[in-house]
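# Residue-level structural notes
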Amino acid sequence: MVNERKRNSGVKLVTDMRRDQPRTRKRNKGEEVPEDKLGNRIQLHFSPALREYLTSDRDMVVVKKHVLKIPATFSCETVFSEFLQHEKHTNSIHLANGTSLDMVSGLRAYFNHRFVVELLYKGELAQVKGYNETKTLFSELFGCEHLLRLLTCIGRMISGKEFSDMGFVILQEHFQRLLDFIELYKDKYLTPDNYVPMQP
């Protein structure tokens, strides 16, 4: 089981997910430029397959009225654990210096703390009714689909001002490696069998 210490540890995440569009600011000539293009936001590359899956995920919940079954076959905690094992064999230096662990701890903390209000579609809210939002470790119940949703928002959650230039680059590289790991094992973690019809 993941303890409370793990829940509260990790990198500081700056939440900004409820905006539908990236914040903008005006150039001198009045031209608006998304802040995500200003170099101070995490920018991740999603493969075409993962982009397609995210679209399908929304369609399954919003249009086809399905939800992701819980507990997930492979929970977020399983994904985190297997990612760290993967790092051990492919990028052991990052595991040794603790940066991979810090990144995972930060994602875990945000996932559990803001899960209900940030990572669910409206049709999924009934599924978590009755769970204590402050005590439930949603990362033990839900799987890679919700983790993938979280990664789509990471650029608006973390401010480059919180880190040195080098620290910011390292953090972005770690998030990208996690995303690449999910891409590598997408056929294992992301399958249609993970969905069940919503209860009337």
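Please read all numbers here as calculations on a predicted model, not as lab measurements. (Residues numbered from 1 in each chain as written. Predicted model: local features only at pLDDT ≥ 70, side-chain atom pairs only at ≥ 80, totals over all residues. Heavy atoms only, no water.)

It is worth spelling out the overall build of the protein at this point. Helix and strand counts for the protein stand at nine helices and four strands. The buried share among the 200 residues of the protein stands at 46%. A separation threshold of at least 6 residues defines the contact pool for the protein, and within that pool the share at least 24 residues apart is 81%. For the protein, the accessible surface area stands at approximately 11500 Å², while carbon and sulfur atoms represent 50% of it. (Helix = DSSP H or I, 4+ residues; strand = E, 2+ residues; numbered from the N terminus. Buried < 20%, exposed > 50% of the residue type's maximum accessible area, 1.4 Å probe, protein only. Contact = heavy atoms within 4.5 Å. Areas by Shrake-Rupley, 256 points an atom, 1.4 Å probe, with all protein chains shown as cover.)

Attention now moves to the nonpolar core. For soluble globular proteins, the rule of thumb is that nonpolar side chains tend to be buried together. Counting 45 residues, the largest nonpolar core has Leu107, Phe115, Leu148, Leu151, Phe175 and Ile182 as the members making the most contacts within it. Of all elements in the fold, only helix H2 (48-63), helix H3 (76-90), helix H5 (99-118), helix H6 (144-152), helix H7 (154-157) and helix H8 (165-184) reach the threshold of two or more residues within this core. Sequence-distant contacts of Leu148, defined by excluding residues within four places in its chain, comprise Phe46, Leu50, Tyr53, Leu54, Leu179, Ile182 and Leu190. (Core = buried A, V, L, I, M, F, W, Y, C linked by side-chain atoms within 4.5 Å.)

Let us now look at the confidence of the model for the protein. Residues with a pLDDT of 70 or more make up 75% of the protein, whose mean pLDDT is 78. Scored below 50 in pLDDT, residues 1-38 makes 78 contacts in the model with residues more than four places away or belonging to other chains. (pLDDT = per-residue confidence, 0-100.)

Moving on, we come to the side chain of Asp57. You can see Asp57 is positioned in helix H2. A relative accessible area of 1% means that Asp57 is categorised as buried. In contact with Asp57, not counting residues within four places along its chain, are Leu68, Tyr121, Glu145, Arg149 and Tyr195.

Turning our attention to the environment of Tyr131. Looking at where Tyr131 falls in the secondary structure, it is placed in the loop between H5 and H6. In the structure, Tyr131 is positioned 15 residues away from Val116 in sequence and 9.9 Å away in space, judged by C-alpha atoms.

Moving on, we come to the pattern of salt bridges. Within the structure shown, the criterion is met by seven salt bridges. Ionic pairing is found between Arg149 and Asp57, a salt bridge with its closest N-O pair at 2.8 Å. In this pair, Arg149 sits in helix H6 while Asp57 sits in helix H2, placing the two residues 92 residues apart along the sequence. Overall, Arg149 belongs to the buried group, its relative accessible area being 7%. Of the charged contacts in the structure, one is a salt bridge between Asp59 and Lys64, with a shortest N-O distance of 3.9 Å. On the basis of relative accessible area, Asp59 is assigned to the partly exposed category, the value being 29%. On the accessibility criterion, Lys64 (47% relative accessible area) is partly exposed. Where salt bridges share partners, they join Asp57, Glu124 and Arg149 into one cluster. (Salt bridge = Lys/Arg side-chain N within 4 Å of Asp/Glu carboxyl O.)

We now examine the packing of aromatic side chains. Applying the stated criterion across every chain, the model contains ten aromatic pairs. When the centroid spacing of 5.8 Å and the interplanar angle of 75 degrees are considered together, the rings of Phe74 and Tyr189 count as edge-to-face. Note that Phe74 is positioned in the loop between strand S3 (66-68) and H3 and Tyr189 in helix H9 (residues 186-189), a separation of 115 residues in sequence. Residue classification places Tyr189 among the buried positions, given a relative accessible area of 2%. Here the aromatic rings of Phe111 and Phe115 are separated by 5.1 Å at their centres, their planes lie at 40 degrees, and the arrangement is tilted. (Phe/Tyr/Trp six-rings, centres within 6.5 Å; stacked < 30°, edge-to-face > 60°.)

If you trace the backbone, Gln127 turns up in the loop between H5 and H6. Among the polar contacts listed, one links the side chain of Gln127 to the backbone oxygen of Leu68, at a separation of 2.6 Å. If we skip the residues at most four places from it in the chain, Gln127 touches Val67, Leu68, Lys69, Ile70 and Phe142. (Polar contact = N/O pair within 3.5 Å; in protein donor to acceptor, adjacent residues only side chain to side chain.)

Throughout this description, disulfide means a covalent bond between two cysteine sulfur atoms. Overall, the coordinates contain zero disulfides when judged by the stated rule. Of the cysteine sulfurs around Cys144, a residue in no disulfide, the closest is that of Cys76, at 6.8 Å. (Disulfide = S-S within 2.5 Å.)

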